[in-house]
Structure formats: C-alpha cells, structure tokens
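Read off the chains here:
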Amino acid sequence: QETVPLKKIYVFTSTIALLASISGAAYAGATLDAVKKKGFIQCGVNTGVPGFAGTDDTGTWKGIDVDVCRAAAAAIFGDASKVQYTPLTAKERFTALQSGEIDVLSRNTTWTLTRDSSLGLNFAGVNYYDGQGFLVKTNLGVTSAKELDGASFCIQAGTTTELNLTDYFRSNNMAYTPITFDTSPETAAAFDAGRCDALTSDQSQLYALRIQLKEPGGAVVLPEIISKEPLGPVVRQGDDDWFNIVRWSLYAMINAEELGVTSQNVDKMAASSKDPNVLRLLGKEGIKGKGLGLDDAWAFNIIKQVGNYGEIFERNVGQESPLKISRGINQLWNKGGIQYAPPIR
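What counts and what doesn't
Residues numbered from 1 in each chain as written. Predicted model: local features only at pLDDT ≥ 70, side-chain atom pairs only at ≥ 80, totals over all residues. Heavy atoms only, no water. Helix = DSSP H or I, 4+ residues; strand = E, 2+ residues; numbered from the N terminus. Rg over C-alpha atoms; globule rule 2.2 N^0.38 Å. Buried < 20%, exposed > 50% of the residue type's maximum accessible area, 1.4 Å probe, protein only. Contact = heavy atoms within 4.5 Å. Areas by Shrake-Rupley, 256 points an atom, 1.4 Å probe, with all protein chains shown as cover. Lys, Arg positive; Asp, Glu negative; His and termini not counted. Charge placed at Lys NZ, Arg CZ, Asp CG, Glu CD. Core = buried A, V, L, I, M, F, W, Y, C linked by side-chain atoms within 4.5 Å. Polar contact = N/O pair within 3.5 Å; in protein donor to acceptor, adjacent residues only side chain to side chain. Phe/Tyr/Trp six-rings, centres within 6.5 Å; stacked < 30°, edge-to-face > 60°. Salt bridge = Lys/Arg side-chain N within 4 Å of Asp/Glu carboxyl O. Pairing = 2+ DSSP bridges. Disulfide = S-S within 2.5 Å.

Draft legend 1. View of the overall build of the chain. Looking only at helices and strands, the chain has 13 helices and 14 strands in total. Against the compact-globule benchmark of 20 Å for 345 residues, the chain has a radius of gyration of 20 Å, which places it among compact chains. Structurally, the chain occupies a C-alpha span of about 60 × 45 × 40 Å along its principal axes. Burial status across the chain gives 55% buried among its 345 residues. In the chain, the share of contacts with a sequence separation of at least 24, taken over all contacts with a separation of at least 6, comes to 71%. Carbon together with sulfur atoms contributes 51% to the accessible area of the chain, which is approximately 14800 Å² in total. Where the 33 positive side-chain charges of the chain centre and where its 37 negative ones centre are 4 Å apart.

Next comes the structure, spelled out in structure tokens:
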C-alpha cells in the first residue's frame, strides 16, 4: 500500500498554512461570526475511535472529542446539538482546518512544537493526556516492548506514532518493519488478521481498538509508554476570539469538576451556592460572559447539557464506558493527576 512520507505531509500542510496566512484576513476574527451566521459549528473528528468519536446505533456522534465541540456549541448557542461533524483521517485533518472546511479540529490530535508553530494552527488545551504504547496478541508470548526486536508493526500514517516508533527502536538498537494504513479501523483490521506482530498507537486508542477485535481477550496492551501525547482541540491562528471560546469551553468543564458542579446539580448550585468561584463559573458574579462575547449563562449551559470534565471522561472512556480506562494522569491536579484549568475570575 502506497503511503505519504511524513516529510511530504509537513511540506504540504506548511504550504497550506502559508497560503492561509497570506489570506489571513478571511479568517482572522471572523470564525465566530461565520459560525453564528450558519447556526452550527463544523467539527472535524476521527473517522471512528470508540470513546473519542463515533456514531451510535441511531447515527448520533458521541465521544470525549465530540463533547468538546458540543461544549462550544452550548456556550455559543445555548444548544449543544448545534454541531455538524466531518470525519477526517490523520492525513486530512490539518488541511481541512487550514482551508476553513472545519471550524475546529477535535480529533485525538497531539500537541507538538511543529504543529503549534509551523502549520498556522493553535492548540486550545488538552482534553486527554495520553502516551504511545503497544498492542500484541497474547499468543505471541511477549510481555515487554523490548522483546519486539525485528517485529512488524501496524501503524496509522500521518501521525506522531511513526516518528515515536522510529526514535524508540533506534535508541534501543532494535529493528522493525512498519506497515502503514490510512485509518485506525484499517490498522486494527490488519492486526486482527495477523498482518503484523503488533499494533502501536496512543494507549487510549489501543484500548478502543482492542474491543473491536474478533477476540478482545486475546490481545494485551504492553506496559511501556514511549511518548508524551497531550491530545486536544485545534483552531486556526489569527482568530483569538474563537480560540478563547474553544479553550474556555474546555476549561469550564474542568473547573466545574473541581468545584463539584455537575449536570445534575448545576441548577441548585446556581440558585443557592455561596461559593464565589461557583457563582463566577455560572455567570452570577464577575466577568460573566462579556470577556468571551457570550451570554452570561455560557458555562452553565455547557455543564447542564454536556457535563463537567469528570462526567464526559467517565461516560466516554472511563468506568461507565466499555473501555473502562482509569483516570490516571487525567485526574484533577488536586487528586493526584495533572488535569488543571486556569480559574474563571
């Protein structure tokens, strides 16, 4: 199967970014106005990774990345359903955002220096802290990635996975054979069919892909994590108003969990809480929605309709989901994790 080398992908997307910067006036400061005019957010998502983005039996999009876009819609329109979704492969995602095809990319995308500085894009935060790992069949008899010298790997093209794998095997003086595919489902299907010895991706994706295998119990995620993969929503550079809305929609959910405000108690908290931090979050005191150009109930609507960060984590990828991923470092900073949001004040 023919694949596009990462170098060519970066050259192409950098060219698009340059063209976008030349015609930046078409985008700068205009995204929110365009979103309001059309009445919805165009959200770029994965083609299908359980827990992050995918459709259920009714065709409804669900996932922790989907909820980031739903939160922004709740903040802007007071209606979390005002989102349309564009499924994108890893190779398509940045071009779709740079060209204006989508308003925000929320597609388990890793925040890196190259992507943040040379593609004309800005990362608005981190909704999932991840790291690259390895999935192998139990009958391979492997318990550590160090035992995979000479193995073949199924990899999704156009991702940070390729470079991370190269770095890891080079630093450990090991050899490997890459077999690349355009989408996660193709990668998982090839692994399931025995076309490779191991599948490597972000650990969250490995857990999501494992439940789609013919025999999920016949595969295991190895303990090694070989990279840092902070995943989060991305917007175009040059539009601070839109950047702020996407960023603070995520931060509102994180702050809500820290303050104990949930989709179930937000009405009561808005009516009776004496905590000034809660009152500022819910638009009862302080800057309210003015700084973002939104209604004072912007954060209230997010929490009421989408939930706080803990709620979206648990129902999509945590203990209330088929994936049952532990919070780990995605726990709040005051509960042993690193998930942290600036205060709303």
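We are not done yet, so read on.
Draft legend 2. Molecular detail of the nonpolar core. Among the nonpolar cores identified, the biggest contains 62 residues, and Trp242, Val261, Leu281, Leu282 and Trp298 are the most heavily contacted of them. At eleven residues, the largest contribution of residues to this core is made by helix α9 (residues 240-259). Dropping the residues within four chain positions of it, Leu281 is found in contact with Ala252, Ala256, Leu259, Val261, Ala299, Phe300, Ile303 and Ile344. Membership of the second largest hydrophobic core comes to 15 residues, among which are Phe134, Leu148, Ile155 and Tyr168.

Draft legend 3. Highlighting helix α13 (residues 309-316). Along α13, seven of the eight residues are buried, which leaves the element largely enclosed by surrounding structure. If you check which residues of α13 are buried, you get Tyr309, Gly310, Glu311, Ile312, Phe313, Glu314 and Asn316. Where the residues of α13 are buried, they touch β3 (61-62), α3 (64-77), β7 (128-130) and α9. The residue sitting at the N-terminus of α13 and contributing the capping side-chain oxygen is Asn308; that oxygen lies 3.0 Å from the backbone nitrogen of Gly310.

Draft legend 4. Quick look at the environment of Met253. Position of Met253 among the secondary structure elements: in helix α9. For the pair formed by Met253 and Val306, sequence separation is 53 residues and the distance between their alpha carbons is 8.6 Å. Every residue in contact with Met253, bar those within four places of it in the chain, is listed here: Asp67, Ala71, Ile302, Val306, Gly307, Asn308, Tyr309 and Ile312.

Draft legend 5. Summary view of the packing of aromatic side chains. Counted by the stated rule, this structure contains 13 aromatic pairs. Arranged with centres 5.2 Å apart and planes meeting at 80°, the rings of Phe153 and Phe169 form a pair that is edge-to-face. Here the residue Phe153 occupies a position in strand β9 (residues 151-156), and Phe169 occupies one in helix α6 (residues 160-171), the gap between them amounting to 16 residues. Centre to centre, the rings of Trp248 and Tyr251 are 5.1 Å apart; their planes meet at 85°, and the pair counts as edge-to-face. Highlighted residues: Trp248 and Tyr251, both in helix α9, separated by three residues, approximately one helical turn.

Draft legend 6. Structural context of the side chain of Arg93. Note on placement: Arg93 falls in helix α4 (residues 93-98). Buried Arg93, no salt bridge; nearest opposite-charge side chain is Asp202, N-O distance 7.6 Å. Here Thr109 takes part through its side chain, which lies 3.1 Å from a polar atom of the side chain of Arg93. Setting aside residues up to four positions removed in sequence, Arg93 forms contacts with Leu88, Ile102, Leu105, Arg107, Asn108, Thr109, Arg115, Gly158 and Thr159.

Draft legend 7. Inspection of the pairing of strand β10 (residues 176-181) at higher detail. Pairing between β9 and β10: six bridges, direction parallel. Bridged to Gln156 within β10 is Phe181.

Draft legend 8. Focus on the state of the cysteines. A full pass over the atoms with the stated rule returns two disulfides. For Cys43, the disulfide goes to Cys69, at an S-S distance of 2.0 Å. Its S-S torsion of approximately 65° makes the covalent link between Cys43 and Cys69 right-handed. One end of the pair, Cys43, is in strand β1 (residues 41-46); the other, Cys69, is in helix α3, and 26 residues separate them in sequence. Residue Cys43 shares its accessibility class with Cys69, and that shared class is buried. Put simply, Cys154 and Cys196 are joined by a disulfide, and their sulfur atoms are 2.0 Å apart. Around the S-S axis, the bridge from Cys154 to Cys196 shows a dihedral of about -110° and counts as left-handed. Of the two residues, Cys154 is situated in strand β9 and Cys196 in the loop between α7 (184-192) and β11 (198-202); the sequence distance between them amounts to 42 residues. The exposure classification of Cys154 matches that of Cys196, with both residues buried.

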